[in-house]
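Summary of structural features
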Amino acid sequence: MEATITNVGIIGAGQMGCGIAQVAAAAGYTVTIYDLSKDRIEAGLATINGNLARQVSNGKMHEDERMAALSRMSGTADVNDLASMDLVIEAATEDESVKRKIFAQLCPALKPEALIATNTSSLSITRLAAATDRPERFMGIHFMNPVPVMKLVELVRGIATEETTFTAAKNFVKSLDKTITVAEDFPAFIVNRILLPMINEAIYTLYEGVGSVDAIDTAMKLGANHPMGPLQLADFIGLDTCLSIMQVLHDGLADSKYRPCPLLVKYVEAGWLGRKSGRGFYDYRGETPVPTR
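Residues numbered from 1 in each chain as written. Predicted model: local features only at pLDDT ≥ 70, side-chain atom pairs only at ≥ 80, totals over all residues. Heavy atoms only, no water.

Things to note about the overall build of the chain
Along its length, the chain carries 11 helices and 10 strands. Computed over its C-alpha atoms, the radius of gyration of the chain comes to 19 Å, within 12% of the 19 Å expected for a compact globule of 293 residues. On the principal axes, the C-alpha backbone points of the chain span a range of 55 × 45 × 30 Å. Counting over 293 residues, the chain shows a buried share of 46%. Considering only residue pairs separated by 6 or more positions, the chain has 65% of its internal contacts joining residues 24 or more positions apart. Surface summary for the chain: the accessible area is close to 13,700 Å², and the carbon and sulfur share equals 53%. In the chain, 28 positive and 34 negative side-chain charges are present, and the distance between their average locations comes to 2 Å. (Helix = DSSP H or I, 4+ residues; strand = E, 2+ residues; numbered from the N terminus. Rg over C-alpha atoms; globule rule 2.2 N^0.38 Å. Buried < 20%, exposed > 50% of the residue type's maximum accessible area, 1.4 Å probe, protein only. Contact = heavy atoms within 4.5 Å. Areas by Shrake-Rupley, 256 points an atom, 1.4 Å probe, with all protein chains shown as cover. Lys, Arg positive; Asp, Glu negative; His and termini not counted. Charge placed at Lys NZ, Arg CZ, Asp CG, Glu CD.)

This is how it looks when you write it as C-alpha cells:
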C-alpha cells in the first residue's frame, strides 16, 4: 500500500530546509518547517517570500500562486506539530550525532505510517535509518543547493528501505518537477563522491603552489566549461561542509586519495568557511570578492 503524501514536515530552517519547503509548497503540498529557533524560522519564511516574489517579477509565477504557496507554509518550534505529517524531511546540519538526536525526538511524535527522509549529502542512510523506529520507512532524498534552481535529486535507499517507501519518495520528487538519479548507499553517493575530491584536488593545487586562486578558478571555468571555479564553489558550499564530506569519504572508504587537503583544514580552523562567514578562498567583505591567496 503506497503512502499518500499531502502534509510535509521539514526539519531545519536553514538554506536547504527552506529551499525544500519552498518547492514543496509551490507544488501544492502543505508544509510545516520545524526548527528550535523561532528567529531562524521567521528569517527562513521571509527568505522564501522574497524568492517567490522574485519569481513573480521574473514572470515565472503568478501573484496568486505565490500567495497560495505562502498560505500552505507554516513554522513551529514544537516537534509535536509534526504529528499529522505524511513525510518528514530532515535537513539539519551535516553531523550524524545531531541527526540522531533529532530522530530520537521526532519518532515518538509521528504517526506510525509517516515516512522519514534525510537530506544528508554524505552520511550512511542505513546507519541513520537504524537510529529511527521505522528503518523500512526511511530513505535519503538528497536535494542540491540552491534547491529551487537545481534540477537534480539523489534518491538513496538504506538496506531496510521498503519498495513502497521508495515509490512514494520517487512520486513526491517527480511532483516537484525535479530529475531523479538513484544512488547506492555508499559514502557521499554520486554527486559528492565525484565533486568533492575534485574540489579537494583544486585545494591541493593551490596548496602546492601550482596556481593561484584566480588561476585555478579561471582554468576550470574556461578550460573545463564549469559554471564556477572549484574554489569559488567550495566557498559557496561552505568549507566546513566540504571538509566534513571529505572526512566521511576518507573514513568510509579508507583510501588515501580522499585525504582532506591540510590547507582546507587550516581554513576551517581559522573560521574562514567561505561566503557565509565572509572569508574563504575569497574575501567577501568588500564590494567584489578578492582571492585570499
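Moving on from the model shown.
Remarks on the sheet that holds strand E1 (residues 7–11)
The strand order E3-E2-E1-E4-E5-E6-E7-E8 describes an open sheet built from eight strands, whose pairing is mixed. In the strand order of this sheet, the two ends are held by strand E3 (73–76) and strand E8 (179–183), each with one partner. Pairs of neighbouring strands in the sheet enclose a mean axial angle of 25°, with direction left out of account. Two strands pair when backbone bridges link them, and strand E2 (residues 30–34) and E3 are joined in this way by four bridges, in the parallel orientation. Looking across to E3, one finds that Thr32 is bridged to Ser74. (Pairing = 2+ DSSP bridges. Axes fitted to C-alpha atoms, helices over the stretch in contact; angles between N-to-C directions.)

Description of the nonpolar core
Proteins that are soluble and globular tend to have nonpolar side chains buried together. Counting residues in hydrophobic clusters, the biggest one holds 37 residues, and the most contacted among them are Val31, Ile89, Phe143 and Phe172. Of all hydrophobic cores here, the second largest spans 26 residues; its members include Leu231, Cys242, Leu249 and Leu264. (Core = buried A, V, L, I, M, F, W, Y, C linked by side-chain atoms within 4.5 Å.)

Section: the UniProt feature "domain: 3-hydroxyacyl-CoA dehydrogenase C-terminal" (unreviewed entry) in the chain
When the UniProt feature table is mapped onto this chain, "domain: 3-hydroxyacyl-CoA dehydrogenase C-terminal" (unreviewed entry) is found at residues 189–284. For residues 189–284, the end-to-end C-alpha separation is 31 Å, with 61% helix and 2% strand making up the annotated structure. (UniProt positions renumbered as here; feature names shortened; annotations may be inferred.)

Comments concerning the environment of Val23
Structurally, the position occupied by Val23 is in helix H1 (residues 15–26). Assessed through its relative accessible area of 11%, Val23 is described here as buried. When the C-alpha atoms of Val23 and Val149 are compared, they prove to be 9.6 Å apart, with 126 residues separating the residues in sequence. Once residues lying within four places of it in the same chain are set aside, the contact partners of Val23 are Val147, Pro148, Leu176 and Lys178.

Describing the environment of His226
Residue position: His226 is located in the loop between helix H8 (213–223) and helix H9 (230–237). The contact partners of His226, leaving out residues within four places of it in the chain, are Met198, Met220 and Lys221.

Describing unusual backbone geometry
For the bond from Asn145 to Pro146, the omega torsion is -5°, close enough to zero to count as cis. Structurally, the position occupied by Pro146 is in the loop between strand E6 (138–143) and strand E7 (152–157). The backbone phi angle of Asn225 is positive, close to 60°, even though this residue is not glycine. Mapped onto the elements, Asn225 comes out in the loop between H8 and H9. Look at Asn225 and you get exposed, because its relative accessible area is 69%. At Ala254, a position not held by glycine, the phi torsion is positive, near 50°. Position of Ala254 relative to the elements: it lies in the loop between helix H10 (239–253) and helix H11 (262–269).

Thoughts on the pattern of salt bridges
Taken as a whole and judged by the stated rule, the model has 12 salt bridges. Linking Arg66 and Glu63 is a salt bridge whose minimum nitrogen-to-oxygen distance equals 2.7 Å. With Arg66 and Glu63 both in helix H3 (residues 63–71) and three residues apart, the pair spans about one turn of that helix. The exposure class assigned to Arg66 is buried, which follows from its relative accessible area of 12%. (Salt bridge = Lys/Arg side-chain N within 4 Å of Asp/Glu carboxyl O.)

Some words on the packing of H8 against H9
Contact geometry of H8 with H9 gives a least axis separation of 7 Å together with a crossing angle of 100°. As the angle between them shows, H8 and H9 are arranged roughly perpendicular. Two secondary-structure elements touch here, H8 through Val213, Ile216, Asp217, Met220 and Lys221 and H9 through Pro230, Leu231 and Gln232. The residue inventory of the contact of H8 with H9, partitioned by class, reads five nonpolar, one polar and two charged. (Parallel < 35°, antiparallel > 145°, perpendicular 65-115°, else oblique. Nonpolar A, V, L, I, M, F, W, Y, C, P; charged D, E, K, R; others polar.)

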